[in-house]
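# Residue-level structural notes
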Amino acid sequence: MATHKRTRTGCWTCREAGYKCDEQKPHCGRCMRLKITCKGYGVKLKWQDGNTSTPTKKPRRAKRKSPVLSESNLSSDSGANFESNSFVLATPSYGSSSPDSIFSLPVISLASPPRTAALSVNDRWLLHYWVMRLSTLISVAPRKEYATPFQLHLTAMVHESAALRSTILSMAANHLSLSSQDPSLRYQAYRHQQDAIHELQTVIQDPSQAASEPALATVLMMQLSGKLFGNDDDASVANHLAGAKAMIARRGSSSESTSSTANFLLSLFAYHDILASVSRGSQPLADHEHDFAAVEGEADMQSVAQVLLTVARISQLQHAIKARQAVSTATTLSEEEDATGRDIQQTLLSMCFQPGNTASDIVLTAEAYRHAAFIYLYRTWLSIGAPNPITMDHVTRCLSFIRLVSVTSPLTSAHIWPLFTAGCEAIDVAQREFVRVRFEDMYAEKRFPSLRRVLRDVQHVWVAKDAEVGRDSREKVDCIQVILRSRGREVDLA
């Protein structure tokens, strides 16, 4: 009897089952034929539970790849180290620059960065691009005179963590490849990604490093990188949030957990965990009631965090309803579920951020989140959506607040979830056109592939809604479930 050899290049479904894969994209032929979920072809990491002991086997020494990082040639006279207070980055010698070129970037000053390994000219250029451009696009915090939270907390750690440095260099190369014709950038992004994985594997085997802030930062940035730059319709993006949860559990209540950087990392985890709970139709991995006061740790962003904590409660309610339905044939809500829904509704009604003619982008964003939360609540609690007039009212209000925020505002990086939630329920032609144009404008401003992927998801939901006949049928179309069933993956809401 012929045996099946385990393939190492096929989709993860075939690899895990030990079957040969024909490697068709986006879903392989075997999975399509058997009507099973195709888990895609991307990089996949497995995370241990926080209570699992660390392997005692001594890790193999990784081979160094020149010219990525090299400590041996670092000396007091080296022009590649970071002794000075100014981070001056040279333009790669092979590129020509112009006043509008991405190769012509200004100089940024860093506060006494520590000595670190020498970087190649190209890697210094990528790191500079991260500091000056990409970190500002990722952050949702409003621009101020001082550095963004990502610049403030992550850039300093880059000099002491090879894994974090490689992750950030990979993200920078990926983002630059979208606005450059240089094919080597995609290779550089892949090379740095592989380096980051190998370096992180070494770190997490060391108990003294596995729960450190740089290690947690690396995992969270891997999560963000996978969401922003992952392959289209690829269901295999590693869920690094599970790894982050294990690291946070291992850290426990150490004194380090009170640092501003730790607070930033915990808020980043909470933000992504809560929105991921919406996209996967489940409860958050952790309870964030006591560690999530403000998005990215910025006091100005407390109102958005307040709404997100309520969104977490809705996800928990959804989990409770699904758990009850799995063991019971009852179709009506239990008294406890109904009471929870009413309490969440009252909580949202009591929030009032008072947006006026001169309202800040933060207030407008918080209001957009609040009305998106109403839409999510009524879908979870009452199983209704558009064209129900209650939902349609919140769709109109949510989109109207988003419309008042300039597409160039950093707050638009946080608009993916409310724009998706209201956009999926939009029935009016003008509203749908606004959603489409808004996503396209956000992509033109930020160049994150995930934005176009989410727009395609919204358009897919529109087709599903329009295919239903009758108001009751259209109300029952659950946007998240449409994507989970048809695409086999979550929506990238953060």
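Look a little higher up for the structure.
Because the structure is predicted, anything quoted here is derived from the model rather than measured.

## A closer look at the nonpolar core
- Ranked by internal contacts, the top residues of the largest apolar core, which has 120 residues, are Trp130, Tyr271 and Trp417.
- The biggest single contributor to this core is helix H13 (residues 361-381), with 13 residues.
- Sequence-distant contacts of Tyr271, that is, excluding residues within four places in its chain, are made with Val140, Phe292, Val295, Leu308, Tyr369, Ser413, Ala414 and Ala494.
- In this structure, Cys11, Cys21, Cys28 and Cys38 belong to the second largest nonpolar core, which totals seven residues.

## Comments concerning the packing of helix H6 (residues 184-204) against helix H8 (residues 213-229)
- Running from N to C, H6 and H8 point in directions that differ by 145°, and their axes come no closer than 11 Å. At the point where H6 passes H8, the crossing takes the left-handed sense. For the pair H6 and H8, the contacting residues are Ala196, Ile197, Leu200 and Val203 in the first and Ala215, Thr218, Val219 and Met222 in the second.
- Tallied by class, the residues present in the contact of H6 with H8 amount to seven nonpolar, one polar and no charged.

## Concerning the pattern of salt bridges
- This structure, assessed with the given rule, holds eleven salt bridges.
- For the salt bridge of Glu425 with Arg379, the shortest nitrogen-to-oxygen distance reads 2.9 Å. Taken as a pair, Glu425 in helix H15 (residues 416-425) and Arg379 in helix H13 lie far apart in primary sequence, 46 residues in all. With respect to burial, Glu425 and Arg379 carry one shared label: buried.
- With a shortest N-O distance of 3.0 Å, Asp393 and Arg397 are connected by a salt bridge. Here Arg397 and Asp393 lie together in helix H14 (residues 389-403), a separation of four residues that amounts to about one turn.
- We classify Asp393 as partly exposed; its relative accessible area is 35%.
- Arg397 sits in the partly exposed class, given a relative accessible area of 41%.
- Where salt bridges share partners, they join Arg379, Glu425 and Lys465 into one cluster.

## So, helix H3 (residues 121-138)
- Compared with the 26 Å implied by 1.5 Å per residue over 18 residues, the 24 Å span of H3 between its first and last C-alpha is a close match.
- Maximum bend of H3: about 45°, positioned at Trp130.
- With 15 of 18 residues buried, H3 lies mostly within the body of the structure.

## A short note on the packing of aromatic side chains
- Tallied over the entire structure, the rule returns five aromatic pairs.
- Their ring planes at 25° and their centres at 6.4 Å tell us that Tyr378 and Trp381 sit as a pair that is stacked. With Tyr378 and Trp381 both in helix H13, this residue pair falls three residues apart, about one helical turn. Neither residue differs from the other here; Tyr378 and Trp381 are each classed as buried.
- Three or more aromatic residues joined by ring pairs form one cluster here, namely Phe374, Tyr378 and Trp381.
- Between the NZ or CZ atom of Arg403 and the centre of the ring of Phe434, over which it lies, the distance is 4.2 Å.

Calculation rules
Residues numbered from 1 in each chain as written. Predicted model: local features only at pLDDT ≥ 70, side-chain atom pairs only at ≥ 80, totals over all residues. Heavy atoms only, no water. Core = buried A, V, L, I, M, F, W, Y, C linked by side-chain atoms within 4.5 Å. Buried < 20%, exposed > 50% of the residue type's maximum accessible area, 1.4 Å probe, protein only. Helix = DSSP H or I, 4+ residues; strand = E, 2+ residues; numbered from the N terminus. Contact = heavy atoms within 4.5 Å. Axes fitted to C-alpha atoms, helices over the stretch in contact; angles between N-to-C directions. Left-handed = near helix turned anticlockwise from the far one by under 90°. Nonpolar A, V, L, I, M, F, W, Y, C, P; charged D, E, K, R; others polar. Salt bridge = Lys/Arg side-chain N within 4 Å of Asp/Glu carboxyl O. Expected span 1.5 Å × (residues − 1). Bend = angle between axes of the 7 residues up to and from the residue. Phe/Tyr/Trp six-rings, centres within 6.5 Å; stacked < 30°, edge-to-face > 60°. Lys NZ or Arg CZ within 6 Å of the ring centre and 35° of its normal.

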